[in-house]
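Below, each chain spelled out in residue letters.
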Amino acid sequence: AQKVTQAQTEISVVEKEDVTLDCVYETRDTTYYLFWYKQPPSGELVFLIRRNSFDEQNEISGRYSWNFQKSTSSFNFTITASQVVDSAVYFCALSEADGAGTALIFGKGTTLSVSS
Amino acid sequence: EAQVTQNPRYLITVTGKKLTVTCSQNMNHEYMSWYRQDPGLGLRQIYYSMNVEVTDKGDVPEGYKVSRKEKRNFPLILESPSPNQTSLYFCASRLGREETQYFGPGTRLLVL
């Protein structure tokens, strides 16, 4: 069965620290998609990135970077030089190409608090 | 601006009083879904639709109904709301089965 685990429930850092949010997934499909979403205190869900299972190339977008490793079934998210505005709940999610219902399977989320 | 909109954003109601939460997208997306978010349980899919007049149950469909009469709209109906349906609800849409889901701003529902 498909599953997404975000073992870190809460992380607190001070501004300018680097922080890595872990995501481990389980799936039997060979074709699947991984996502990260951000939920700021205002409550909306903001899409950050999508990764296909056949593309293990890591990605960098400004202060954000993502490390996808199929060998360990992980899709970790690193924020470099964190800022107070990064404070939010971050969700990792999985979608299977053959999955019934086309649902996104979400992890429980990691709450990141960045203090000044 | 490409977006998913939901209304109302906040709603307080009483047990048994029928309500509808509207969802609309302007991106011509085929797929639309409803999720609910609850503390400790995360986000779970309620219903989804693959096209007009095509809907199916997600993981937690009990107590909910949906309809998809037009491509852009996907309302969520609670015929007889109960307190356990107090939650944060999100509508989402995507272009195709394997595409990224984009979420609406959420609707906070309190059932007394």
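Provided above is the structure to which this section pertains.
These numbers come from a predicted model, not from an experiment.

1. Some thoughts on the sheet that holds strand 7 (residues 65-66) of chain B
All names here are of chain B.
- Here four strands make up an open sheet; going across it, the order is 1-3-8-7 and the pairing antiparallel. Strands at the two margins of the open sheet, each flanked by one partner only, are strand 1 (4-7) and strand 7.
- Inspection of the sheet shows strand 7 paired to strand 8 (residues 76-78) by two bridges, in the antiparallel sense. In the sheet register, Lys 65 faces strand 8, and the bridge partner there is Ile 77.

2. Description of empty space enclosed by the protein
- Considering all chains together, one arrives at one cavity of 30 Å³ or more under this definition.
- Lining of the largest cavity is provided by Ser 42 and Gly 43 of chain A together with Arg 9, Tyr 10, Leu 88, Pro 105, Gly 106 and Arg 108 of chain B.
- When the residues that make up the lining of the largest cavity are grouped by side-chain class, the tally is three nonpolar, three polar and two charged.

3. Re the state of the cysteines
All names here are of chain B.
- Tallied over the full model, the rule gives two disulfides over all chains.
- Between the sulfur of Cys 23 and that of Cys 91 lies a disulfide, 1.8 Å long from S to S. Between Cys 23 and Cys 91, the disulfide has an S-S torsion of -70° and is therefore left-handed. Of this pair, Cys 23 sits in strand 3 (residues 19-25) while Cys 91 sits in strand 9 (residues 87-94), and the two are 68 residues apart along the sequence.
- Note on Cys 23: relative accessible area 2%, which makes it buried.
- The exposure class of Cys 91 is buried, given its relative accessible area of 0%.

The rules behind these values
Throughout this document, residue positions are counted from 1 along each chain, in the order its sequence is written. Chains and ligands are labelled by the order in which they are written, letters from A for the one and numbers from 1 for the other. The predicted nature of this model means local features are confined to residues of pLDDT at least 70 and side-chain atom pairs, given and counted, to a pLDDT of 80 or more, with totals for whole chains, interfaces and linings taken over all residues. Neither water nor hydrogens contribute to the side-chain values; these are computed over all heavy atoms in the structure. By the convention used here, strands pair only if DSSP detects at least 2 bridges between them. Secondary structure elements are taken from DSSP: a helix is a run of H or I of four residues or more, a strand is a run of E of two residues or more, and numbering for both begins at the N terminus. Cavity: a set of points on a 1 Å grid over the protein atoms alone where a 1.4 Å probe fits but cannot get out. Pocket: an open set with protein on both sides within 12 Å along at least five of seven lines, its lining residues, like those of a cavity, having an atom within 4 Å of a point. Grid points are joined across faces, edges and corners, and a volume is the space filled by probe spheres set on the points. Each residue gets one of three labels, nonpolar for Ala, Val, Leu, Ile, Met, Phe, Trp, Tyr, Cys and Pro, charged for Asp, Glu, Lys and Arg, and polar for the others, Gly among them. Any pair of cysteine sulfurs within 2.5 Å is marked as a disulfide. Buried, partly exposed and exposed residues are distinguished by accessible area as a fraction of the type maximum, computed with a 1.4 Å probe on protein chains only: under 20%, between the cut-offs, and over 50%, respectively.

Honestly, it's all geometry; don't read function into it.
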